[in-house]
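Listed below, chain by chain, are the residues.
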Amino acid sequence: MVSKITFSSRRRSFRPDALLVLVLVLLSTYEGHPMEGFCAIGGESGCALSSEKILIMGGTVVNAHHKEMSDVYIEDGIIVSVKPNIRVGDDVKVIDATGKYVMPGGIDPHTHLDMEFMGTVTKDDFFTGQAAALAGGTTMHIDFVMPVNGNLTAGFDAYVEKAKRSAMDYGFHMAITKWDAGVSTEMEQMVNEKGINSFKFFMAYKGSLMVSDELLLQGLKKCKSLGAIAMVHAENGDAVVEGQKRMIELGITGPEGHALSRPPVLEAEATARAIRLANFVNTPLYVVHVMSIDAMEEIAKARKAGQRVIGEPVVSGLILDDSWLWHPDFTTAAKYVMSPPIRKSGHDKALQAALSTNVLQLVATDHCTFNSTQKAFGSEDFRKIPNGVNGIEERMHLVWDRMVESGQMAITDFVRVTSTECAKIFNIYPQKGAVLEGSDADIIVLNPNATYKISAASHHSKSDTNVYEGMTGKGKVEVTISQGRVVWEDDELKVTPGSGRYIRMPPFGYLFDGIQKVDASYLASLNAPVQRSKATS
Ligand code: URP
Ligand code: ZN
Ligand code: ZN
């Protein structure tokens, strides 16, 4: 079924009432950019602070720590009350959630909207990507700002522009692609002035984004000093180039060459290297898109040894296998090209098991869409196929079906891996990631008995393909509430361009607790410098 999208006009009024104080306190963590399209305290810059009053009745409220039968009352974009039998007046919209789960909206920690990459630009921008997200129950995402010629400020400014048509809350990570004193200072500005608390280092994409170990080491040190999380795309970029050369020499130019040129060993090597360098610096490390058993086991080993390493699988890695890359139709095969590659059957199940046992902690999408025309840039040479797959709309449904419906994961853990853990890692919990009094009213109602079917014909992404085409599952997001407004109901989207708010993420989240104590005991253990009497000649 093709759902309808209604464009709401932008709400410009802010209605003060008894919740004003609470709203203002929460707003202090929203961005106060003086530029248009970003929220300012009081909503005077046009932020869509809703005055809608909503009661969600009779459902099971699920948080990462607890689930209980309860009603939820929302006003002015904030959760006001979570308790049974809430009574309201006629001016309140009532949603019957009997037999359904009421959960925090999903937070996708890894997306690329409107990104220039491999000579083209991703198909989904901040509006279409977010519309798709909302239809699938994701109410916040964190996108990667790409520097402009290595310059962070220029990159940030460009993404401020791109995000002006946002329809939901979002935050930014920042990629680091070169190193000098200017970048080091700009990292300070990004953290202290712009609300960014994470930086990504690409260990692959040689010749464009890839960084050296020397840069990574400097970056890790800087991240530590700023209380910012270092993130890595872990593949050995030099070896990938060698692998690509090998495939071309063998006459393998199709999409299967992509998987063959960058095997799991290259992901494991870079993952292990990044983990050891982070250990040497004693700073937390976040490994994005963990695609293989080999990389996952490096993370498991480090965590077992007590190191603070976060492992992020993506939906494609949890659900798909690489057989698609051998499909005889180029267009079909090319849509599965992403990096690190989707692996052989078996890796998917192992990553699911790792997720269910907290070896891996949260699920992303790496939503980075290119349509068939863009993917065809590599029809003669797999190295030119733009890397990336969709997932922002499908993540919540697929994780529910494969992990909860299958019995592999508790419902509370579903909330943890799709929302709460992300909010905690990036230091915005409990504003986000919880159905608690005072939290933002980003909420979904999921019907565990309803079914869905995924198709490019009905999805909300602008891409003409979907890597999950034809998949069916149980457990459907029937209602999405974003910023206290119902934006998805009865398969209809009501999205508001420009209503999205930039969420500042403060540094020194929980992963930094105790780091200084470990540093102190390291220094105490050195027994150096040794005090020696001066040698006499
Ligand atoms: O293939 C991918 N993953 N594309 C997006 C860029 C990245 O490496 O995250
Ligand atoms: Zn990456
Ligand atoms: Zn990515």
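Heads up: the structure comes first, above all this text.
Below: a short report on this structure. What you see is a predicted model, and the numbers here were worked out from it, not measured in a lab.

About the criteria used
- Residues numbered from 1 in each chain as written.
- Chains lettered and ligands numbered in written order.
- Predicted model: local features only at pLDDT ≥ 70, side-chain atom pairs only at ≥ 80, totals over all residues.
- Heavy atoms only, no water.
- Donors = N, O, S within 2.8 Å, 3.2 Å for Na, K, Ca; no water.
- Tetrahedral: all angles 85-135°; square planar, octahedral: opposite > 155°, others 65-115°.
- Helix = DSSP H or I, 4+ residues; strand = E, 2+ residues; numbered from the N terminus.
- Buried < 20%, exposed > 50% of the residue type's maximum accessible area, 1.4 Å probe, protein only.
- Pairing = 2+ DSSP bridges.
- Right-handed = clockwise from strand over helix to strand, strands pointing away.

### Topic: the coordination of the zinc ion (ligand 3)
Note on metal geometry: ideal angles are 109.5 degrees for four donors arranged tetrahedrally and 90 or 180 degrees for six donors arranged octahedrally.
Piece 1. For the zinc ion (ligand 3), every protein donor is listed as H110 (NE2), H112 (NE2) and D366 (OD), and the spread of their distances is 2.0 to 2.1 Å.
Piece 2. One way to put it: the four donor atoms around the zinc ion (ligand 3) meet at angles of 86 to 136°, and that makes the site irregular.
Piece 3. Taken in sequence order, the residues that donate to the zinc ion (ligand 3) follow the motif H-x1-H-x253-D.
Piece 4. Taken as an interatomic distance, the gap from the zinc ion (ligand 3) to the zinc ion (ligand 2) is 3.8 Å. In this pair, H112 sits in the loop between β7 (106–111) and β8 (116–117) while D366 sits in the loop between α12 (347–356) and α13 (372–375), placing the two residues 254 residues apart along the sequence. The same class applies to H112 as to D366, namely buried.

### Thoughts on the pairing of strand β10 (residues 138–145)
Piece 1. Burial analysis of β10 places eight of its eight residues in the buried class, the great majority of the element.
Piece 2. Looking at chain direction, β7 and β10 are connected through four bridges and run parallel. The partner of T111 across the bridge, within β10, is D143.
Piece 3. Sheet analysis places β10 next to strand β11 (residues 169–176), joined by six bridges and oriented parallel. Bridge pairing in β11 links D143 to F172.
Piece 4. Considered for its hand, the β-α-β crossover made up of β10, helix α3 (residues 152–162) and β11 is right-handed.

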